[in-house]
Amino acid sequence: MLQPTIEIDKASIILKLLGDETRLTMLKLMDEHACCVCEFVEIFQISQPAISQHLRKLKDLGLVEEERRGQWIFYSMNNNHEYYAFIQAVLKQLPNQNYRIKKLEEEGTRISCC
């Protein structure tokens with residue numbers, strides 16, 4: 001008999017986290033792009049503290065990793081997370097979000113904090 005790739009309790013925690021539209025969209029974006037907080041503020045038009053709270057929840061489970069570039073921190077998907085394949089299966093079902101990054105580039109606000 002095949003072993004499950006993820007326990008139900010762990011799947012439930014991850015799915016609850018992904019149940020928020022902002023966090024789900026953030027993960028979809030971070031799967032392809034490293035983003036800083038200021039970019040998420042522009043994309044979602046919500047406050048920096050709200051973005052930081054979403055990122056904290058994702059970081060607490062180890063779903064995202066951060067990289068310091070000068071004084072700024074950029075966030076991306078943690079491809080080495082033990083449940084990355086599970087998360088990928090969900091993200092693959094979602095529409096591409098690259099238009100949001102393209103809009104930032106067109107407006108000149110992509111990585112505006114650097």
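Heads up: the structure comes first, above all this text.
Figured I'd write up the structure that's included with this text. Note that the coordinates shown come from a computational prediction; the quantities given were computed from them, not determined experimentally. (Residues numbered from 1 in each chain as written. Predicted model: local features only at pLDDT ≥ 70, side-chain atom pairs only at ≥ 80, totals over all residues. Heavy atoms only, no water.)

**Some thoughts on the packing of helix H3 (residues 37-44) against helix H6 (residues 98-107)**
Now for step 1: In the contact formed by H3 and H6, the axes pass within 10 Å of each other and the chain directions differ by 100 degrees. Regarding the angle of H3 to H6, the classification is roughly perpendicular. Touching Glu-39, Glu-42, Ile-43 and Phe-44 of H3 are Arg-100, Ile-101 and Leu-104, all from H6. (Axes fitted to C-alpha atoms, helices over the stretch in contact; angles between N-to-C directions. Helix = DSSP H or I, 4+ residues; strand = E, 2+ residues; numbered from the N terminus. Parallel < 35°, antiparallel > 145°, perpendicular 65-115°, else oblique. Contact = heavy atoms within 4.5 Å.)

**Thoughts on the pattern of salt bridges**
Now for step 1: Taken as a whole and judged by the stated rule, the model has 6 salt bridges.
Now for step 2: A salt bridge links Glu-67 to Arg-69, with the shortest nitrogen-to-oxygen separation between them at 3.6 Å.
Now for step 3: By relative accessible area, which is 43% here, Glu-67 ends up partly exposed.
Now for step 4: A salt bridge links Lys-103 to Glu-107; the shortest N-O distance between them is 3.9 Å. One end of the pair, Lys-103, and the other, Glu-107, are both in helix H6, 4 residues apart, so they sit about a helical turn from each other.
Now for step 5: With relative accessibility at 46%, the residue Glu-107 sits in the partly exposed group.
Now for step 6: Overlapping salt bridges, with partners in common, bring together Glu-39, Glu-105 and Arg-110 in one network. (Salt bridge = Lys/Arg side-chain N within 4 Å of Asp/Glu carboxyl O. Buried < 20%, exposed > 50% of the residue type's maximum accessible area, 1.4 Å probe, protein only.)

**Overview of the nonpolar core**
Now for step 1: Leu-27, Met-30, Phe-40 and Leu-55 are the most contacted members of the largest nonpolar core, which has 28 residues in total.
Now for step 2: Counting only elements with at least two residues in this core, the list comes to helix H1 (8-18), helix H2 (21-30), H3, helix H4 (48-60), strand S3 (72-77), helix H5 (84-91) and H6.
Now for step 3: Broken down by element, the residue count for this core peaks at 5 residues, all from H2.
Now for step 4: Ignoring anything within four residues of it in the chain, the contact list for Phe-40 reads Met-26, Leu-29, Met-30, Cys-35, Gln-45, Ile-51 and Leu-55. (Core = buried A, V, L, I, M, F, W, Y, C linked by side-chain atoms within 4.5 Å.)

**Notes on the packing of aromatic side chains**
Now for step 1: This model, assessed by the stated rule, comprises 1 aromatic pair.
Now for step 2: Looking at Arg-69, its charged tip hangs above the ring of Phe-74, at a distance of 4.2 Å from the centre. (Phe/Tyr/Trp six-rings, centres within 6.5 Å; stacked < 30°, edge-to-face > 60°. Lys NZ or Arg CZ within 6 Å of the ring centre and 35° of its normal.)

**Comments concerning the side chain of Lys-28**
Now for step 1: Among the secondary structure elements, Lys-28 is positioned in helix H2.
Now for step 2: Glu-32 provides the closest opposite charge to the buried, unpaired Lys-28, separated from it by 5.2 Å.
Now for step 3: Setting aside chain neighbours within four positions, we find Lys-28 in contact with Leu-91, Lys-92, Leu-94, Pro-95, Asn-96 and Gln-97. (Lys, Arg positive; Asp, Glu negative; His and termini not counted.)

**With respect to the state of the cysteines**
Now for step 1: Within the structure shown, the criterion is met by 0 disulfides.
Now for step 2: This cysteine, Cys-35, is not joined by any disulfide, and Cys-36 carries the nearest cysteine sulfur, 7.4 Å off. (Disulfide = S-S within 2.5 Å.)

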